[in-house]
Amino acid sequence: MPITKRIYCANNNKTYSSGAEAARELNLDRSPVCKAANGDITHVKYYVFRYVDADDDLKTLRKQMLYNAFKIKI
């Protein structure tokens with residue numbers, strides 16, 4: 001069974017159990033969601049994703065992600 005990584009979306013401040021779940025809920029294709037989470041592309045239809053671990057500081061990560069993608073300061 002393949003290992004799935006949790007994916008964090010900075011736009012809606014939500015963590016998903018997999019790229020497939022994030023894609024389904026946001027009506028996106030799974031492949032670009034995973035590419036964005038890997039850092040291969042910046043965003044998918046203006047949604048910004050990253051793979052996360054349980055101990056990641058999501059508040060700080062969200063600020064960094066939105067600034068890096070769109071130069072938005074929170």
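Placed above this text is the structure.
The rules behind each value
Residues numbered from 1 in each chain as written. Predicted model: local features only at pLDDT ≥ 70, side-chain atom pairs only at ≥ 80, totals over all residues. Heavy atoms only, no water. Pairing = 2+ DSSP bridges. Helix = DSSP H or I, 4+ residues; strand = E, 2+ residues; numbered from the N terminus. Axes fitted to C-alpha atoms, helices over the stretch in contact; angles between N-to-C directions. Contact = heavy atoms within 4.5 Å.

### Some details on the sheet that holds strand β1 (residues 6-9)
For sheets, the rule is that strands pair by backbone hydrogen bonds, running either parallel or antiparallel.
Now for step 1: Here three strands make up an open sheet; going across it, the order is β2-β1-β3 and the pairing antiparallel. Each end of this open sheet is capped by a strand with a single partner; those strands are β2 (14-16) and β3 (49-52). Across the sheet, the axes of successive neighbouring strands diverge by a mean angle of 30 degrees, strand direction being ignored.
Now for step 2: Relative to β2, β1 runs antiparallel, the two sharing three bridges. Within β2, the position partnered with Y8 by the bridge is T15.
Now for step 3: Across the face of the sheet, helix α2 (residues 30-38) comes into contact with β1 and β3 while running at roughly 70 degrees to β3.
Now for step 4: Contacting β1, β2 and β3, helix α3 (residues 58-70) crosses the sheet at an angle of about 150 degrees to β3.

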